[in-house]
Number of protein chains: 2
Amino acid sequence: MAGAGAAGGAGGRAAGARYRRLATELREAIASGAYGAGGRLPSEEELAQQHGVSRGTVRQALAVLRANGLVTSRRGTRRVVLGTARTQSFFELLSFTRWARALGEVPGGRTIDISSGPANPLEAEQLGLEPGTQIHRVLRLRTLSRVPIMIERTIYPEHIGAVIAGLDPDAISHTEPLADQGVVFADAEHTVDLVYADDEDARLLGCDPGSPLMRERRRATDPAGTPLEWSDDRYLPGTVSFTVHNSAASTALSRRRG
Amino acid sequence: MAGAGAAGGAGGRAAGARYRRLATELREAIASGAYGAGGRLPSEEELAQQHGVSRGTVRQALAVLRANGLVTSRRGTRRVVLGTARTQSFFELLSFTRWARALGEVPGGRTIDISSGPANPLEAEQLGLEPGTQIHRVLRLRTLSRVPIMIERTIYPEHIGAVIAGLDPDAISHTEPLADQGVVFADAEHTVDLVYADDEDARLLGCDPGSPLMRERRRATDPAGTPLEWSDDRYLPGTVSFTVHNSAASTALSRRRG
DNA sequence: AAGTGGTCTAGACCACAGT
DNA sequence: CTGTGGTCTAGACCACTTA
């Protein structure tokens, strides 16, 4: 047992936790069709022996795949492969640039306006600060292969905004430099709804004022739960959709009025 | 240790797994402000002793709260309360009726059309069946406190549709009778985007043809991964929004083109 | 240096599916 | 009845945060 504990460190040295590497291996095996479409996975016991780990570690790995909707999980029968969908990393959801690259398209961005000043009550609440605290605001037009598809209004607390303000004005990605600076994004909450373009939206996106847009509001926090950014992104119709997988066991989705 | 195993059954007798009950207790404690807003939870060891369970069980319970975005989770420090948001059950996401009741509003529904016939290729794919297989189709207008807000087009495989077809035409809920019949919903995939009302949408919702609607397409499956229903729901603007919480550890959300 | 959560092991019994 | 996943326990060591 003691030796086992050591594996926690020894196994983790190479590339993160053992169960994460195992999850990646299994995901790749599934994607390669090793178990067939709709096929069955080996039992937990078999996987444990094959990979030289305990059943507990196998279960941790499988829990990841289940949360991603890749496999079923029920008592009595082996897990069944549901899909081979490539998993989108958490970071790809935060970074427009990373997302675009994963799509094989060329991300672009033009900074329309960048400023700093005291937070109004609404902004303060989004970032969990006291009204009047200094914040940074960025307004950018985002393009995919040169075509405008989204307008992004983001606010950052002082310490984050300082990094953003120091970037090349033509920098395509703002999120990546932050990560390089050691800023760790841990959680995010996304709310999707429908709004109508105001004059500024319309001018920048090249649509008519009052025309419908898909809005995604997002709040990202660090591991301590401290807000790192708050953003209001508006997409032209037909350019994007959002998909969520959920189950009785893990429900991260909710439907709200208005 | 053997006695411990017995707790798996003994503890579970009352109302499901021990860790689920513990998760519920903790959620209520948080909601009641027992730990304060932004306060810290007791350590895992303390919780284990207080509730007479092992640390592993405490961790399972906390994992549930974390997935719901209620608490943080990081090495070195105690968990911090992020919010007290009432958790929406998985079932509330599937059932318009349950959702409406939870909001304190009066759900209503008028069945516009119900029919059965062979699945076309598209429908067959949604339900994972062979084209030509018999399916059931239901078109319903949904209201909240008498006001129309959504138009719902759902298809069911034969064995499910048979139950639906046998219901009172004025039945408000279709999902609940299914649950009563022993149909178990285990997983769902929701895709949200923006579409324009066709003539039928417009006539039923009382909006203009071509006006924007928020669309949620949903596929629900049983524990074995077999599709139970596929639905295309279209909401009037301003009546609904969807919120997702995700983290680096569990990413069930994805953004897609078009 | 102490405290806390993250990871891993080993073993046990139970609930459920399938034969 | 047998196999498989679900739940729970007990114990260990590590990585990280905080004082």
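Residues numbered from 1 in each chain as written. Chains lettered and ligands numbered in written order. Predicted model: local features only at pLDDT ≥ 70, side-chain atom pairs only at ≥ 80, totals over all residues. Heavy atoms only, no water.

**Observations regarding the packing of aromatic side chains**
Two numbers describe a pair of aromatic rings. These are the distance of the centres and the angle of the planes.
Then, in step 1: Considering all chains together, one arrives at 6 aromatic pairs over all chains under this definition.
Then, in step 2: Ring plane angle 65 degrees and centroid distance 6.5 Å describe the contact between Phe91(A) and Phe185(A), whose orientation is recorded as edge-to-face. In this pair, Phe91(A) sits in helix 5 (residues 90–94) while Phe185(A) sits in the loop between helix 9 (175–180) and strand 4 (187–196), placing the two residues 94 residues apart along the sequence. Each member of the pair, Phe91(A) together with Phe185(A), is buried.
Then, in step 3: Measuring from centroid to centroid gives 6.1 Å for Tyr235(A) and Phe242(A), while their planes differ by 75 degrees, and the two rings are edge-to-face.
Then, in step 4: Over the face of the ring belonging to Trp99(B) we find Arg255(A), whose NZ or CZ atom lies 4.3 Å from the ring centre. (Phe/Tyr/Trp six-rings, centres within 6.5 Å; stacked < 30°, edge-to-face > 60°. Helix = DSSP H or I, 4+ residues; strand = E, 2+ residues; numbered from the N terminus. Buried < 20%, exposed > 50% of the residue type's maximum accessible area, 1.4 Å probe, protein only. Lys NZ or Arg CZ within 6 Å of the ring centre and 35° of its normal.)

**Describing the pairing of strand 4 of chain A**
Then, in step 1: Most of strand 4 of chain A sits out of view: 8 of its 10 residues are buried.
Then, in step 2: As paired elements, strand 4 of chain A and strand 5 (residues 212–221) of chain A share 10 bridges and run antiparallel to each other. For His190(A), the partnering residue across the bridge sits in strand 5 of chain A and is Arg218(A).
Then, in step 3: As paired strands, strand 4 of chain A and strand 7 (residues 240–247) of chain B are joined by 6 bridges and run antiparallel to one another. Each residue of the ladder has a partner; that of Val192(A), found in strand 7 of chain B, is Phe242(B). (Pairing = 2+ DSSP bridges.)

**Quick notes on the domain arrangement of chain A**
Then, in step 1: Domain assignment breaks chain A into domain 1 (15–85) and domain 2 (90–235).
Then, in step 2: Each of domain 1 of chain A and domain 2 of chain A has a C-alpha centre, and the two are 35 Å apart. (Domains from an automatic or database assignment.)

**Comments concerning the interface of chain A and chain B**
You'll often see interface size given as the accessible area lost when the parts meet.
Then, in step 1: If you look at the interface, chain A gives 58 residues, while chain B gives 56 residues.
Then, in step 2: Summed over both sides, the interface of chain A with chain B buries roughly 5800 Å², with 52% coming from carbon and sulfur.
Then, in step 3: Considering only the side of chain A, the residues that lose the most area to chain B are Thr243(A), Arg255(A) and Arg257(A), jointly responsible for 17% of the buried surface there.
Then, in step 4: At the junction of chain A with chain B, the criterion picks out 2 salt bridges.
Then, in step 5: Between Arg257(B) and Glu105(A) there is a salt bridge; the shortest N-O distance is 2.9 Å.
Then, in step 6: Taken together, the links from chain A to chain B amount to 34 residue pairs in polar contact (both at pLDDT 80 or more).
Then, in step 7: For the side of chain A that touches chain B, the elements supplying multiple residues, two or more each, are helix 5, helix 6 (96–103), strand 4, strand 5, strand 7 (240–247) and strand 8 (253–257) of chain A. (Contact = heavy atoms within 4.5 Å. Buried area = accessible area lost by both parts, 1.4 Å probe. Salt bridge = Lys/Arg side-chain N within 4 Å of Asp/Glu carboxyl O. Polar contact = N/O pair within 3.5 Å; in protein donor to acceptor, adjacent residues only side chain to side chain.)

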